[in-house]
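The residues making up each chain are set out below.
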Amino acid sequence: MAMLTAGRFTVGSVLEEQADDGSGPQEDRAEMPVIDHASAFEASLALILDGLVHQQEAASAAERLG
């Protein structure tokens with residue numbers, strides 16, 4: 001499941017980057033911080049991996065407790 005998630009996230013990120021031509025409505029962009037695609041990808045992937053680590057640690061702890 002982790003590989004499926006990472007793969008779909010990667011494909012989605014690439015599609016978003018390719019679709020972004022920077023010409024969206026300015027009022028929408030004014031409320032959002034400017035983050036380049038590479039930084040957003042890295043930060044988001046780190047969140048996915050942190051969640052996976054947390055889930056694995058919780059499963060291991062539950063297994064140890066019986």
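In this text the structure is predicted, and so the values were computed from the model without any measurement.

(A) Focus on the overall build of the chain. Counting its secondary structure elements, the chain contains 3 helices and 0 strands. Taken from N to C terminus, the helices and strands of the chain fall in the order α-α-α. Across the 66 residues of the chain, 2% fall into the buried class. Accessible surface, the chain as shown: approximately 5700 Å² in total, 61% of it carbon and sulfur.

(B) Representation of the packing of aromatic side chains within the structure. Following the criterion strictly, the structure yields 1 aromatic pair and no others. Look at Phe9 and Phe41: their rings are 5.2 Å apart centre to centre, the planes differ by 20°, and that puts the pair in the stacked class. Remark: Phe41 occurs in helix H3 (residues 37–65) and Phe9 occurs in helix H1 (residues 2–19); sequence separation between them is 32 residues.

(C) Inspection of the confidence of the model for the chain at higher detail. Of the residues in the chain, 88% reach a pLDDT of 70 or more, and the chain-wide mean stands at 87. At the level of individual helices and strands, the chain shows its lowest average pLDDT in helix H2 (residues 26–30), which scores 60, and its highest in H3, which scores 94.

(D) A look at the packing of H1 against H3. For the pair H1 and H3, interaxial distance at closest approach is 11 Å and the crossing angle is 165°. If you check the angle between H1 and H3, you find them roughly antiparallel. The interaxial crossing formed by H1 with H3 has right-handed handedness. Between H1, through Ala2, Thr5, Phe9, Thr10, Ser13, Glu16 and Glu17, and H3, the contact on the second element is made entirely by His37, Phe41, Ser44, Leu45, Ile48 and Leu52. Looking at the contact of H1 with H3 residue by residue, the classes come out as 6 nonpolar, 5 polar and 2 charged.

(E) Here's a closer look at H3. Taking 1.5 Å of rise per residue, the 29 residues of H3 would be expected to cover 42 Å, and the 42 Å separating its terminal C-alpha atoms lies within 8% of that figure. Immediately beyond the C-terminal end of H3, within one or two residues, lies Gly66, with a positive phi of roughly 100°.

How each quantity is defined
Residues numbered from 1 in each chain as written. Predicted model: local features only at pLDDT ≥ 70, side-chain atom pairs only at ≥ 80, totals over all residues. Heavy atoms only, no water. Helix = DSSP H or I, 4+ residues; strand = E, 2+ residues; numbered from the N terminus. Buried < 20%, exposed > 50% of the residue type's maximum accessible area, 1.4 Å probe, protein only. Areas by Shrake-Rupley, 256 points an atom, 1.4 Å probe, with all protein chains shown as cover. Phe/Tyr/Trp six-rings, centres within 6.5 Å; stacked < 30°, edge-to-face > 60°. pLDDT = per-residue confidence, 0-100. Axes fitted to C-alpha atoms, helices over the stretch in contact; angles between N-to-C directions. Parallel < 35°, antiparallel > 145°, perpendicular 65-115°, else oblique. Left-handed = near helix turned anticlockwise from the far one by under 90°. Contact = heavy atoms within 4.5 Å. Nonpolar A, V, L, I, M, F, W, Y, C, P; charged D, E, K, R; others polar. Expected span 1.5 Å × (residues − 1).

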